[in-house]
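Close look at the chain arrangement
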Amino acid sequence: MKSEKAAKRILENGLEIVYLRSPSVPVIAIDLWVRSGSTSETKEEAGLAHVVEHMLFKGTKRRGPGVIAGEVEGLGGEINAYTSFDHTVYTLLLASRYAPQGLDILADAISASLFDQSELDMEKKVILEEIKRSRDIPQLLLSRNLFKLAYGSHPYGAPVIGNEETVSSFTSKDCRRFVGKWYTPCNMTLVAVGDLPEEKFFALAESAFRHLRPSPVCRRRRLPKKVSREGHRFEAENRPVCEVYFDLAFPIPGAGNEVIPAIDLLASILGQGESSRLQEKVKLDLNLVASVGAGTYTPSGPGLLYLTGVASPAKFTEAFEAICRELAQIKRSAPSLEELRKAKEGIEADFIFQRETVQGLAQKMGYFHVVHGSTAEEEKYLASIEAMDLDRLGAHASGYLNPAKATFAALCPAAEDSSAIAKEAEKVLFSAFSRKTGRQKRSTEVRIELQNGAKVLYRRGTDAPIVAVRASMLGGTIREPEGKEGLFYLLAETMPRGTRRRSVFDVARESDRIGGHIDGFSGRNSFGAKGEFLAKNADAALDLLCDVLINPSFSEEEVEKAKEDQQASILRRDDNPASKAFRSFENLLYGKHPYGKDVLGSLASLSSLGAEDLRGVHALYAHPANMAIALVGEIDPERAALKISDALEVSSLAGKLPLLPAQPENLWEPRFLKISSPFEQAHVVVGFLGSSLYDRDRMALRVLNAMLSGQGGRLFRSLRDEKGLAYAVTSTSMEGLQRGYLAGYIATAPENAEAAREGLLEEMLAVAEGNIPAEEVERAKQKLAGSFEINLQENDFQAAQMALDESYGLDYRGYLNYVREILAVTPAQVAKVAKKYLGRDNWAAVIVGP
């Protein structure tokens, strides 16, 4: 597989520009890589690179606070940034016709940010909330602990975000000094992928960035090549979690080292894909973990080969023993040729999927060019993957699985002995190793109704050789009987766990063979199966999909394993306070209506479900007459329909589905609930009942939600930028077969929870009670239209739209009219729906906090 050839220019001031023309869609991704991250900081500057990243879009000499975000969203684009140890990256995604504006925005922010002290003081409050949030989310805290243990005094051992003490101390002078030192043209690379001709893009980029002054000295932080810490480290700590979250890591070289392709393949064989060793043995066979996986971290400096998992306290030791057995086994003897082939196919598929969007291409190009030294390194990397044999894999990779250099970090429930868990993990590991043993083309959409009643929908999609499939059926939470909540989720999770023809292991192996996946899904209104696969494997993929849909075996063993996973997910729900806040809000808003129930169900409802329940609901709902199967990608629709028709042959007649419940009851007075949680932040949700999928108001409500949400939205500007109440604040809307909702969300300090609730409510009510500027509506419409067009790059997005709309009795091509319908919404319509749905007496609010 050859990588695309990018063009490169260097301006007179030293700025490097890398560009790839991709004519598939009229979209451009523009990323500015600054070779400066947290490793560029002194000890007193810890977190300053991240603070500068936050502040760079907070106002320039030409653009005031909030203007940049609003300007980009007004063009339908997306703007974002992130800070890592070695780099800070600023990203823009927008329609290519707006490339001049996008380049001007980036150049303006890089060269003329004001770093106003009052804005900085407000943003520091936001970042302090982000620091608290990083301690509340188990995976983030676990990752921070792992890096601290693994890297020790190396710069990678300190968190990129900094700490409360240093962040609180920064002034605008500190920000300007840091930018002046590191944000110089010779220390930056502009990476872009879009459909503009090369010379036109280079001319636009030079016009936007040539005013940047060259620096007499180009500073580059030189990192230690090795970690000074010797030996192994095993530590665990108690946190308010329900399960044991754990990571195990081994030191490896950084990006560009010749052994990295072998180590990446080793990680894939161990823990990537449904039939990887850890997934197949520890998860599917023994059912000892809620999740398990493996991966590599390969920055400019020294990297890590890591394994990660979640297990119940009762199963942790047995689970970790099973994981260590697999590590020791792969160190002692080479994997099979089939495992190596699947790993190569998986890495190739990952690269192909990343090429589906211009932002994926730009991200990949930037990584290889900046971290590896050239975009050409991608092709060398893939050639090394393809040429790898078992001897070289063993010689290069297995030596890095050394328990004497291992790092283990874990988070344990408060009732567990964390010290004992760390010691047990250390004992288990050493014991295991000591044993002997292109452009989107306009095409005609196709709808084929099969004799068995199934509807096959087709659209060509993008040029990437990927096919996305979505088989949707009416069902989901809204049709679950009282006391059987979680039934459809369990059904969807169990369907791929073995069929009458294939064991659970066969399904996993065939998923990997097709270069993709087939999974179940379930929501409020529907359920089914979905997947993506390489186009060349279409016949095998469709055969597997139909087998999973029609012939699930529902073995008692796999049903019980799936139930255990679902029970673990229910318990983990309380480990995420934001998720808990939304679930509690929905229950409060909807009362006894099914939309108020969790898709996962409850521990009580799940305990009553068994294989017979699944067989019964499957026989009624999983009939071809209730199926809409959408295919998007390079596939022959007639051949696919014939394949599906043969595979879905059934003898039973379609049953009549139960009627829907009555519509959700209106709220006649406010509903308010406070829930205690052990986390550092308070999470607040305030919202109102909204419209259904069939309601004419839905487009105007979507525009209203777009006015409230995002970095340019009212909630962000008011509650974060102006009042500094939170790091995370947004709004969301949901539609269904029956009435959905519109809700605002904020995470804030506990002492600000009530002010945040009032702020959310007042900002939402202000839309209903005040004038709505036409330009604000226009920005929201452009934002929705632009982001929707960006989503059309992904075949999976189109397949989901087509299948769900067909299932719900809507036009399966209706999503193609979405942009036109959104742009037709008027300020008067937005004002009308705001007054209709948002009132002072019909809201519900939940606060989850200490």
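Look up a bit, the structure's there.
First, a word on what this report is: a plain description of the structure on this page. (Residues numbered from 1 in each chain as written. Predicted model: local features only at pLDDT ≥ 70, side-chain atom pairs only at ≥ 80, totals over all residues. Heavy atoms only, no water.)

Along the backbone of the protein there are 31 helices and 22 strands. Here the C-alpha atoms of the protein give a radius of gyration of 27 Å, agreeing with the 29 Å that 2.2 N^0.38 yields for 850 residues. The buried share of the protein, taken over its 850 residues, is 61%. Carbon together with sulfur atoms contributes 50% to the accessible area of the protein, which is approximately 33100 Å² in total. The protein carries 105 positive and 114 negative side-chain charges, and their two centres are separated by 3 Å. (Helix = DSSP H or I, 4+ residues; strand = E, 2+ residues; numbered from the N terminus. Rg over C-alpha atoms; globule rule 2.2 N^0.38 Å. Buried < 20%, exposed > 50% of the residue type's maximum accessible area, 1.4 Å probe, protein only. Areas by Shrake-Rupley, 256 points an atom, 1.4 Å probe, with all protein chains shown as cover. Lys, Arg positive; Asp, Glu negative; His and termini not counted. Charge placed at Lys NZ, Arg CZ, Asp CG, Glu CD.)

Side-chain pairing between opposite charges can occur once the charged atoms of the two side chains come close. Applying the stated criterion across every chain, the model contains 61 salt bridges. A salt bridge links K58 to E123, with the shortest nitrogen-to-oxygen separation between them at 3.2 Å. Within this pair, whereas K58 is found in the loop between α1 (48–55) and α2 (67–74), its partner E123 is found in helix α4 (residues 117–136), the two being separated by 65 residues in sequence. E123 gets classed as buried once you look at its relative accessible area, which sits at 1%. Between E557 and K561 there is a salt bridge, with the nearest N and O atoms lying 3.4 Å from each other. Separated by 4 residues within a single helix, E557 and K561 lie in helix α20 (residues 556–573), roughly one turn from each other. One salt-bridge network, in which partners are shared between bridges, spans K283, R497, E557, E558, K561 and D565. (Salt bridge = Lys/Arg side-chain N within 4 Å of Asp/Glu carboxyl O.)

Any two packed helices are characterised by how steeply their axes cross, that is the angle between the axes, and by the distance between the axes. Viewed as axis vectors pointing N to C, helix α25 (residues 698–708) and helix α28 (residues 774–791) meet at an angle of 100 degrees, and their least axial separation amounts to 8 Å. One element, α25, and the other, α28, form an angle in the roughly perpendicular class. Here α25 contributes R702, V703, A706 and M707 to the contact with α28, which in turn contributes E776, V777, A780, K781, K783 and L784. Across the contact of α25 with α28, the residue classes tally to 6 nonpolar, no polar and 4 charged. (Axes fitted to C-alpha atoms, helices over the stretch in contact; angles between N-to-C directions. Parallel < 35°, antiparallel > 145°, perpendicular 65-115°, else oblique. Contact = heavy atoms within 4.5 Å. Nonpolar A, V, L, I, M, F, W, Y, C, P; charged D, E, K, R; others polar.)

To continue, consider the pairing of strand β17 (residues 627–632). Burial runs high along β17: 6 of the 6 residues are buried. Here β17 shows a buried face lined by M627, I629 and L631 and a second buried face lined by A628, A630 and V632. Where strand β13 (residues 455–459) lies against β17, 5 bridges are found, and the strand directions are parallel. The residue of β17 that forms the bridge with V456 is I629. Where strand β14 (residues 466–474) meets β17, 6 bridges bridge the pair, whose relative direction is antiparallel. Across the sheet, A468 pairs through a bridge with V632, a residue of β17. (Pairing = 2+ DSSP bridges.)

Attention now goes to the nonpolar core. Nonpolar side chains in soluble globular proteins generally cluster together in the buried interior. By size, the foremost hydrophobic cluster in this structure holds 58 residues, and its most contacted members are V703, L704, I746, L760, V830 and L838. Not counting residues within four places of it along the chain, the set of residues in contact with I746 comprises A682, H683, V684, L719, L725, A726, A728, V729, A756 and L760. Judged by nonpolar contacts, the second largest core, of 57 residues, contains A343, I421, A422 and A432. (Core = buried A, V, L, I, M, F, W, Y, C linked by side-chain atoms within 4.5 Å.)

The sheet built from 5 strands is open, its strands ordered β18-β22-β19-β21-β20 with mixed pairing. Across the chains shown, the open sheet's two edge strands, defined by having one partner strand only, are β18 (671–676) and β20 (726–734). Between one strand axis and the next, the sheet turns through 10 degrees on average, direction left out of account. Pairing of strand β19 (residues 682–689) with strand β22 (residues 844–849) involves 5 bridges; the strand directions are antiparallel. Bridge pairing in β22 links V685 to V846. Sitting on the sheet, helix α27 (residues 753–769) is in contact with β18, β19, β20, β21 (741–748) and β22, with an inclination near 25 degrees to β19.

A few words now on the packing of helix α9 (residues 260–271) against helix α14 (residues 377–387). For the pair α9 and α14, the least separation of the axes is 9 Å and the interaxial angle reads 60 degrees. The angle between α9 and α14 places the two elements in the oblique class. For the pair α9 and α14, the crossing hand works out as right-handed. Here α9 contributes P261, D264 and L265 to the contact with α14, which in turn contributes Y381, S384 and I385. (Left-handed = near helix turned anticlockwise from the far one by under 90°.)

For helix α11 (residues 316–332), with 17 residues, the first-to-last C-alpha span of 24 Å sits near the 24 Å given by 1.5 Å per residue. Restricting attention to buried positions, one finds in α11 the residues F316, A319, F320, A322, I323, C324, E326, L327, A328 and I330. (Expected span 1.5 Å × (residues − 1).)

This next bit is on the sheet that holds strand β8 (residues 244–252). If you walk across this open sheet you meet the 5 strands as β7-β11-β8-β10-β9, and the pairing is mixed. Edge positions in the open sheet fall to β7 (233–238) and β9 (291–297), since each of these has one partner strand only. Strand-to-strand twist in this sheet, taken as the mean axis angle between neighbours without regard to direction, amounts to 15 degrees. As paired strands, β8 and strand β10 (residues 303–311) are joined by 9 bridges and run antiparallel to one another. Bridged to I252 within β10 is G303.

Inspection of the secondary structure assignment puts Y245 in strand β8. Sequence separation between Y245 and G152 is 93 residues, and the spatial gap between their C-alpha atoms is 21 Å. With near-sequence residues (within four places) excluded, Y245 lies in contact with P138, Q139, L142, G309, V310, A409, A410, L411, R572 and D575.

The next point concerns the packing of aromatic side chains. Counting across every chain of the model gives 31 aromatic pairs. Where F147 meets Y297, the ring centres are 5.2 Å apart and the plane angle is 70 degrees; that geometry is what we call edge-to-face. Highlighted residues: F147 in helix α5 (residues 138–151) and Y297 in strand β9, separated in sequence by 150 residues. Y297 gets classed as partly exposed once you look at its relative accessible area, which sits at 24%. Summarising the aromatic geometry, the rings of F316 and F320 are spaced 5.7 Å apart at their centres and angled 20 degrees between planes, so their arrangement reads as stacked. Of the two residues, F316 and F320 are both situated in helix α11; the distance of 4 residues between them amounts to about one turn of the helix. Judged on exposure class, the residue F316 and its partner F320 are both buried. An aromatic cluster is built from F85, F147, Y151, Y156 and Y297, whose rings are joined through pairwise contacts. For R9, the ring lying beneath its charged end belongs to F202, and the centroid distance is 4.3 Å. Positioned above the aromatic ring of F672 is the side chain of R757, whose terminal nitrogen or guanidinium carbon lies 4.8 Å from the ring centre. (Phe/Tyr/Trp six-rings, centres within 6.5 Å; stacked < 30°, edge-to-face > 60°. Lys NZ or Arg CZ within 6 Å of the ring centre and 35° of its normal.)

Its location among the elements puts E532 in strand β16 (residues 526–534). Look at E532: it is buried, it has no salt bridge, and the nearest opposite charge is R470 at 8.6 Å.

This part takes up the pairing of β20. Bridge analysis of β20 against β21 gives 8 bridges, and the strand direction is antiparallel. Among the inter-strand pairings, M734 is bridged to a residue of β21, identified as Y741. Where β20 hands over to β21, the hairpin turn is made up of 6 residues, counted between the paired strands.

A separate point is the environment of E129. Its place among the elements puts E129 in helix α4. For the pair E129 and T407, spaced 278 residues apart in sequence, the C-alpha separation works out to 29 Å. Not counting residues within four places of it along the chain, the set of residues in contact with E129 comprises Q681, L725, A726, Y727, T748 and A749. Side-chain polar atoms of E129 contact the backbone nitrogen of A749, separated by 3.2 Å. (Polar contact = N/O pair within 3.5 Å; in protein donor to acceptor, adjacent residues only side chain to side chain.)

Moving on: unusual backbone geometry. We note that N287 has phi near 55 degrees; this positive angle belongs to a residue other than glycine. By secondary structure assignment, the location of N287 is in the loop between α10 (277–285) and β9. Overall, N287 belongs to the buried group, its relative accessible area being 5%.

For helix α7 (residues 172–182), every residue scored as buried is listed here: S172, D174, C175, F178, V179 and W182. Looking straight down α7, one finds that the buried residues subtend no more than 160 degrees of arc, so they occupy a single side. Of the exposed residues in α7, the ones pointing more than 90 degrees away from its buried face are K173 and G180. Considering only its buried residues, α7 is in contact with β3 (27–34), α1, α3 (99–112), α4 and α6 (164–169). (Arc of directions from axis to C-beta.)

Remember that the coordinates give geometry; whether it matters functionally is a separate question.
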